[in-house]
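Structural overview
The primary structure of each chain is shown beneath.
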Amino acid sequence: MKLLFNRAFDGANEMYAIAEKCLPQAIQELGEAAPIAMPNTAYNLANHSTYLNKKITTLGELRQSLPEVKSWIYDEQARSAETQGTAPRLEDVFKSGFGAFMAAEVIEACKYAKSAEPYPAPYHGHLSDAEVRELGVPLVTGDIPGFVVIIGPAPSDEEAAELIKGYQSRAIFVFLIGGIIDQAVRMNIGMGFPVRIVPVGPDIWSVAHIISFVNRAAMIFGNVQPGDRDEFDHYTFHRIRAFVNAFDPVADIVVGCGAGAIAMGFPVITNDVKDMWKVPKSLIIQENTKDFIETSLESRDIKIKVTNIDIPVAFSSAFEGEIVRRNDTQVDVDSTKMDCFEWVRTKPAAEIEDHSIELIGPDIDSFEPGSRIALGIIVEVAGKNMQSDFEPVFERKIHHFLNFIEGVMHTGQRDLIRLRVNKNAFNAGFRARHFGEVLYTKMKSEYDAVIDKCQVKICTIPEELKKLRAEANKVYETRDARLMSLTDESVDVFYNCILCQSFSPAHVCVVTPERLGLCGAVSWLDAKATNELDPNGPCQIVTKQRVVDENLGIWEDVNEAVQKASHGSLQQVTLYSIMQDPMTSCGCFECICGIEPVTNGVVIVNREHTGMTPLGMTFSEMASMTGGGVQTPGFMGHGKQFISSKKFMKAEGGPARIVWMPRALKDLVGKKLNKSAKELYGIEDFTALIADESVAEDPEKLAEYLGGNGHPVQNLAPLF
Ligand code: SF4
Ligand code: ZN
């Protein structure tokens, strides 16, 4: 039997041999100067950066660093001469594993040099920086409790499907490599990044993309510096709860990669009993593949909170990104055509029968398949500690809760909603009352500190809905008026949020009425509710009594709170400036803004925008300038809704600094931004003065556009 060490060394050498063959072929075809073109990342070849601290930009540079990659992989002959026969150490195994990852990255880089899209569907290949960032919030909230990399094929198609769906229903993010992808296709499993099942590639070297993904998470959220291997290992072990499932037979080349995974703190679970060795907590043999999930979760100490909901389909945050297409739709609730809405209201306890779910009107099986129907949902709650300020917070959760249902898609809120149930869910028995079951169970379990009783009413009678919607509208208006009256000056306290510290240990958001958290998911009201629901939780009260500078937004007590929450790594933040002590960024920001020196303004770009900006950088590149809880004057991550705030860069002149935004972002925030600009500067239709990708993607064209249109930035003092 071959020693496990030797299997890992042979495997890593095998990977290297393939890389050594691919690279000269690519160079012969494209030349040494051909750029390395991993799409939508600012980290080039992230694994080379991580281990070698080298920014590789061309195939020629990759060739030059190849000997260094080789030096990481244990070579028996070369080494025995040097060490006179001393046995290899564990460190040699780990380094060889990382060598295998770099060699795999060489193979993948050659593919991407030759073609912009080397992976045909269903394969995903490289993961973008935006995808890394998108996972920030679900990871910190525990919506994604961990990651599994499954290297297949499983013994049967059915077993493959069972395992994948088993992980998905537990909200574990799934990466697939190899034959298991074909099995998933044959079993009709919906795959893709949004549903958290990513079929990476058919060959083991596609693992380079997963390792790159993890290493970028460490750089983006943890501010780990390229080349600092100890910190990377520490970060991945403590902050990223990943593990590997490798099906029998496990080839040497997979063992080589497994060595790297184990070095990162990711245990490998396998049913291969031949030529395999147990290593406590790291290499676990589980002959019964049906127990893979349990053994895996145990190995990384992942505890899944299960809420049993009485519905005929699965329920998991993994289904949040699921899309229901027109042809698959059984019923389509569409508020643009009919009176549809959702509404949370407080009632006296005596008027609520706990867990009552009432359907008023016909059920969804009374309509023809594909019908557009009217539907309204009213969630009524009672509780001693309930406050009307919590109603909108709970109401916005309806979007998430209904989206977690397999086969259901939900968008929007209030009376601007779209809700679709697909045919599979319908055929499995899903009916209107199941919306109520989900909302009842989730509201009661998540907000048990304030909701003592809850009942749900679902109405499908158009005349009734018309009346109820008008009633709901009055409440929405009252709430909006309350929101409008909330300013940083009108409240006594702010809140901090440290949820992201589980990934970004030094990061703190200060959340105020006019500045929501940079993830876009935590408003002042949300933070207030979080604090009152869980006084020792992630959101703490920050007083604001000792003002230092109102214009920059500096308070002594805010600074003290930030110092404490960041464990001393931050001394001072300003709430209204991006030039002086700006707020830190964790990495999951919705937008990034950066100063544009030619026009003296700022460029804002949202995560969804993949094109170029006039700064000569894409979102990913700008985003890589800040993060990991560090202050970076001139660059700042923020939420989309902050753009229209009168406190946006107030110290530097306010939103008048904004000179460029992608069109889609303008459309999204335009109405509110125009209103603020009108009130602040008396300018009508301000967004028309802001450039977008249709008029400029470089500073010259941008300056030309602004010069001709009287943009207010031209009257502002120089930024520096
Ligand atoms: Fe993270 Fe800030 Fe959002 Fe809290 S408010 S979840 S710390 S980004
Ligand atoms: Zn974050």
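Residues numbered from 1 in each chain as written. Chains lettered and ligands numbered in written order. Predicted model: local features only at pLDDT ≥ 70, side-chain atom pairs only at ≥ 80, totals over all residues. Heavy atoms only, no water.

1. Points about the overall build of the protein chain
Summing up its helical and strand segments, the protein chain has 22 helices and 23 strands in all. Computed over C-alpha atoms, the radius of gyration of the protein chain comes to 27 Å, within 12% of the 27 Å expected from 2.2 N^0.38 for 720 residues, which places it in the range of a compact globule. Burial analysis of the protein chain (720 residues in total) assigns 58% to the buried set. In the protein chain, the proportion of contacts linking residues at least 24 apart, taken out of those at least 6 apart, comes to 74%. Accessible surface, the protein chain: about 29,100 Å² in total, of which carbon and sulfur atoms supply 51%. Both charge centroids of the protein chain, one from 71 positive and one from 96 negative side chains, sit 3 Å from each other. (Helix = DSSP H or I, 4+ residues; strand = E, 2+ residues; numbered from the N terminus. Rg over C-alpha atoms; globule rule 2.2 N^0.38 Å. Buried < 20%, exposed > 50% of the residue type's maximum accessible area, 1.4 Å probe, protein only. Contact = heavy atoms within 4.5 Å. Areas by Shrake-Rupley, 256 points an atom, 1.4 Å probe, with all protein chains shown as cover. Lys, Arg positive; Asp, Glu negative; His and termini not counted. Charge placed at Lys NZ, Arg CZ, Asp CG, Glu CD.)

2. Quick word on unusual backbone geometry
In this chain, A121 is followed by P122 through a cis amide linkage whose omega measures 5 degrees. By secondary structure assignment, the location of P122 is in the loop between α5 (90–114) and α6 (129–134). Here the residue pair D248 and P249 is connected by a cis peptide bond, since its omega of -5 degrees sits within 30 degrees of zero. Here P249 shows up in the loop between β4 (242–246) and α12 (252–263). A positive phi angle, near 65 degrees, is found at R196, a position not held by glycine. Position of R196 relative to the elements: it lies in the loop between α9 (180–186) and β3 (197–201). Residue classification places R196 among the buried positions, given a relative accessible area of 8%. You will see that D685, though not glycine, has its phi angle at about 50 degrees, which is positive. Here D685 lies in the loop between α21 (663–681) and α22 (699–709).

3. What to know about the sheet that holds strand β1 (residues 147–151)
Strand order in the open sheet made by the six strands is β3-β2-β1-β4-β5-β6, with parallel pairing throughout. With one partner strand each, in any of the chains shown, β3 and β6 (283–285) form the two edges of the open sheet. For this sheet the average axis-to-axis angle between neighbouring strands, irrespective of direction, equals 20 degrees. (Pairing = 2+ DSSP bridges. Axes fitted to C-alpha atoms, helices over the stretch in contact; angles between N-to-C directions.)

4. Details of the pattern of salt bridges
According to the stated counting rule, one finds 48 salt bridges in the structure shown. For R420, the salt bridge identified is with D332, shortest N-O distance 3.4 Å. One end of the pair, R420, is in strand β13 (residues 416–422); the other, D332, is in strand β7 (residues 329–334), and 88 residues separate them in sequence. D332 shares its class with R420; the two are buried. The salt bridge partner of D389 is R482, with a shortest N-O separation of 2.6 Å. With D389 in the loop between β11 (376–382) and α14 (390–403) and R482 in helix α17 (residues 462–485), the pair connects residues that are 93 residues apart, well separated along the chain. The exposure class assigned to R482 is partly exposed, which follows from its relative accessible area of 33%. By sharing partners, the salt bridges in this structure join R326, D332, D334, R372, R418 and R420 into a single network. (Salt bridge = Lys/Arg side-chain N within 4 Å of Asp/Glu carboxyl O.)

5. As for the sheet that holds β7
Ordered in space as β10-β7-β13-β12, the four strands form an open sheet in which the pairing is mixed. Strand pairing shows two members of the sheet lacking a second neighbour, β10 (371–373) and β12 (408–413), which therefore form its edges. Going from strand to strand, the sheet's axes swing by 15 degrees on average, the running direction of each strand aside. By the bridge criterion, five bridges tie β7 to β13 in an arrangement that is antiparallel. Paired with V333 across the strands is L419, a residue of β13.

6. Describing the site of ligand 1
Around ligand 1, the structure places C497, L499, C500, H507, C509, G517, L518, C519, V522, C586 and C588. For the shell around ligand 1, the per-class residue count stands at nine nonpolar, two polar and no charged. (Near = heavy atom within 4 Å. Nonpolar A, V, L, I, M, F, W, Y, C, P; charged D, E, K, R; others polar.)

7. Structural notes on the coordination of the zinc ion (ligand 2)
Taken together, the protein ligands of the zinc ion (ligand 2) are C500 (SG), C586 (SG) and C588 (SG), with distances of 2.1 to 2.2 Å. Overall, C586 belongs to the buried group, its relative accessible area being 1%. (Donors = N, O, S within 2.8 Å, 3.2 Å for Na, K, Ca; no water.)

8. Overview of the side chain of N600
Along the chain, N600 turns up in the loop between β20 (591–596) and β21 (601–606). At 3.5 Å, the side chain of N600 forms a polar contact with the backbone oxygen of L716. Leaving out residues up to four positions away in the same chain, N600 has contacts with R657, V713, L716, A717, P718 and L719. (Polar contact = N/O pair within 3.5 Å; in protein donor to acceptor, adjacent residues only side chain to side chain.)

9. A word on the domain arrangement of the protein chain
Assigned domains within the protein chain: domain 1 (4–114), domain 2 (129–208 + 221–299), domain 3 (317–474) and domain 4 (493–715). Taken together, both faces of the contact between domain 2 and domain 3 bury some 630 Å²; the carbon and sulfur share is 51%. There are one salt bridge connecting domain 2 and domain 3. Between K165 and E406 there is a salt bridge, with the nearest N and O atoms lying 2.9 Å from each other. Counting across the interface, domain 2 meets domain 3 through three residue pairs in polar contact (both at pLDDT 80 or more). (Domains from an automatic or database assignment. Buried area = accessible area lost by both parts, 1.4 Å probe.)

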